[in-house]
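# Topology and contacts: notes
Letter by letter, the chains look like this.
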Amino acid sequence: MARDELGVGLIGAGRMGTIRAHLLSSSAMVDFLAISDIDLEKARGLAQQTEAAFFTDDNRDVIENPDVHAVIVSTPEGEHTEAICRALELGKPVFVEKPIALTLEEADRILEVKKGSEADLFIGYTQRLRRRFVSIKEHIDAGRLGEVMSARMSIYHPRADARQMIARSPGASPFVNSVAYVADMALWFFAPRRPVRVYAQSGGDILPGQQEGIGGYGWSIVTFEDGAAANLGVSWILPEKWPAYISSMAMEIFGRDGSVVVDDSHRNVMMVSDVGTPSSVEGMEVAFLGSMMPGDWAQGDFYGPMRDETRLFIDRVATGRDVPLCGAEAGRAVLELTLAMEQSARDGGTLVELPLKG
C-alpha cells in the first residue's frame, strides 16, 4: 500500500544507526523519525543531529508509536530478536543489520512471528548493493557465465576492526560476523541450489574476547546439492593499521561459459597524509580510500551501498515495489551456513551436514 507520509523508528544509535538516522532524516519520503537507544544521552544526541521528532531509551516506545510505520534495527548483533518480533507482531516492516540473529533458535522464532504477519523483513547485507556485485548477479541470471560451478571468495579485516566487532558483540567470530558477507553472495550467486555440507578450519588465537575454539582466521569448503563448491575465507589478523579500513575482498567465480574475477582490495586508490587519514585508528597515515563497506561521508552527505540499501527499504515501504534486498529466509540460510562453519572449525575440521540438526 502506497503511503504519502511515512514514519520510521530507528532502534540503536551506534555507528550504523547514526548513518541510517542521517539518511532517513534527509529522505523526502520520511516525515517522522523516532530514535531509541539503551543510552538515553546517545539517543538524545542523535535525535538533535537529525531533528528527530521523538527519542527514548525504551525500544517499545518507538516500535509501538502509532506514527511509526516501519522499523530499522541497528542494535548489536545479539540484541535483534525482541525488536524485530515486536515490530512484525504489529505488522510493521523491518530492516535489520546483518546477521538476522546469532542463533538458529532466535532466527526461527523471528521467522515464525513473520509467518503470522503481513510485514516484510529484510537483512542488511550491504555488499549486495555494491555496483560490481549486483552487476555480477545480473550477468549470472542472464546466463552469461553459464552454470556457476565453483568460486573462491575472501574477506579480510585489520585487527582494529575485529576488536570493535568483539567489543560490540562479545563472543563474535570471523565466520558469523564477517565471512557472512561473502557467504550471502555465494548463496545468491549459486541460487537456487542449496548447500549440503561444510568443512572449515580456523586458527590464529591472537584477539582476546573471541568465541572459544574459533581463531582469528578461517577457511571453509561449501558443497552444494549438485556438487558445485565454493571456498570461502576470512581473516581478522591483518595488522592493526592495515590501510584497508574496513575490509579487503576478492572473488573468482567460474561458470561453464565464463568467469568473473574481482579484486576489491582498494589498493588502486591510496591516500598518504602526514595529518592522518579517514579511519578510526589513531595515527594511520596511509589509507585505501573506498574500503569502508557501508560507504563514505563526503561533501556533507553519505554515499555508498548503505545509502542505496536504506533508500530501497523506504521505497518498498512507501510504494510496495520489489527491491533486491536480502529477505528473511535468505538471511536465515546465511546464518545456518556460517554457524556450520563455526561448528566444523571448532571440532577441528569435521564434515558438517546441512541442514543443521539440534
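The present account deals with the structure reproduced in this document. (Residues numbered from 1 in each chain as written. Predicted model: local features only at pLDDT ≥ 70, side-chain atom pairs only at ≥ 80, totals over all residues. Heavy atoms only, no water.)

## Observations concerning the overall build of the protein
Looking only at helices and strands, one finds 10 helices and 18 strands in the protein. Projected onto its principal axes, the C-alpha positions of the protein cover 55 × 50 × 40 Å. Of the roughly 15800 Å² of accessible surface on the protein, 50% is carried by carbon and sulfur atoms. Each charge class in the protein can be summarised by its mean position, and for the 35 positive and 51 negative side chains these summaries are 4 Å apart. (Helix = DSSP H or I, 4+ residues; strand = E, 2+ residues; numbered from the N terminus. Areas by Shrake-Rupley, 256 points an atom, 1.4 Å probe, with all protein chains shown as cover. Lys, Arg positive; Asp, Glu negative; His and termini not counted. Charge placed at Lys NZ, Arg CZ, Asp CG, Glu CD.)

## Concerning the packing of aromatic side chains
Inspection of the entire model under this criterion finds six aromatic pairs. Taking the centre distance of 6.3 Å and the plane angle of 80° together, the rings of F122 and F313 count as edge-to-face. Linking F122 in strand β6 (residues 121-124) with F313 in helix α9 (residues 305-319), this pair joins segments that are 191 residues apart in sequence. Per residue, the accessibility class of F122 equals that of F313, and both read buried. Taken together, a centroid distance of 5.2 Å and an interplanar angle of 75° make the contact between W297 and F302 edge-to-face. The class of W297 is partly exposed, set by a relative accessible area of 47%. Ring-pair connections join several aromatic residues into one group, and the members of that group are F95, F122 and F313. (Phe/Tyr/Trp six-rings, centres within 6.5 Å; stacked < 30°, edge-to-face > 60°. Buried < 20%, exposed > 50% of the residue type's maximum accessible area, 1.4 Å probe, protein only.)

## What about the side chain of E97?
As for its placement among the helices and strands, E97 is situated in strand β5 (residues 94-97). Residue class for E97 comes out buried when judged on its relative accessible area of 8%. A polar atom in the side chain of E97 sits 2.9 Å from the side chain of R20. Dropping the residues within four chain positions of it, E97 is found in contact with M16, R20, V73, S74, H80, I123, G124 and M306. (Polar contact = N/O pair within 3.5 Å; in protein donor to acceptor, adjacent residues only side chain to side chain. Contact = heavy atoms within 4.5 Å.)

## Brief notes about the sheet that holds strand β8 (residues 195-203)
The mixed open sheet is built from seven strands, whose spatial order is β12-β11-β7-β10-β9-β8-β18. With partners counted over all chains shown, the strands left at the sheet margins are β12 (259-264) and β18 (351-353), one partner each. Shown here is a sheet whose adjacent strand axes are inclined to one another by a mean of 10°, direction ignored. By the bridge criterion, eight bridges tie β8 to strand β9 (residues 217-224) in an arrangement that is antiparallel. (Pairing = 2+ DSSP bridges. Axes fitted to C-alpha atoms, helices over the stretch in contact; angles between N-to-C directions.)

## A few points about the sheet that holds strand β4 (residues 70-73)
Ordered by their spatial adjacency, seven strands build an open sheet running β3-β2-β1-β4-β5-β6-β17, and the pairing between neighbours is mixed. In the strand order of this sheet, the two ends are held by β3 (54-56) and β17 (326-327), each with one partner. In the sheet, strand β1 (residues 6-11) pairs with strand β2 (residues 30-36) via six bridges, with the strands oriented parallel. Bridge pairing in β2 places L10 opposite I35. Across the sheet, helix α1 (residues 15-25) touches β1, β2, β4 and β5, and the angle it forms with β2 is around 160°.

## Some details on the nonpolar core
Ranked by internal contacts, the top residues of the largest apolar core, which has 85 residues, are L121 and I253. At 13 residues, the largest contribution of residues to this core is made by helix α8 (residues 174-190). Ignoring sequence-local partners within four residues, the contact set of L121 consists of I84, L88, V94, V96, I100, I110, K114, C326, G327 and A328. Within the second largest apolar cluster, 24 residues are counted, among which are A13, L129, I314 and V323. (Core = buried A, V, L, I, M, F, W, Y, C linked by side-chain atoms within 4.5 Å.)

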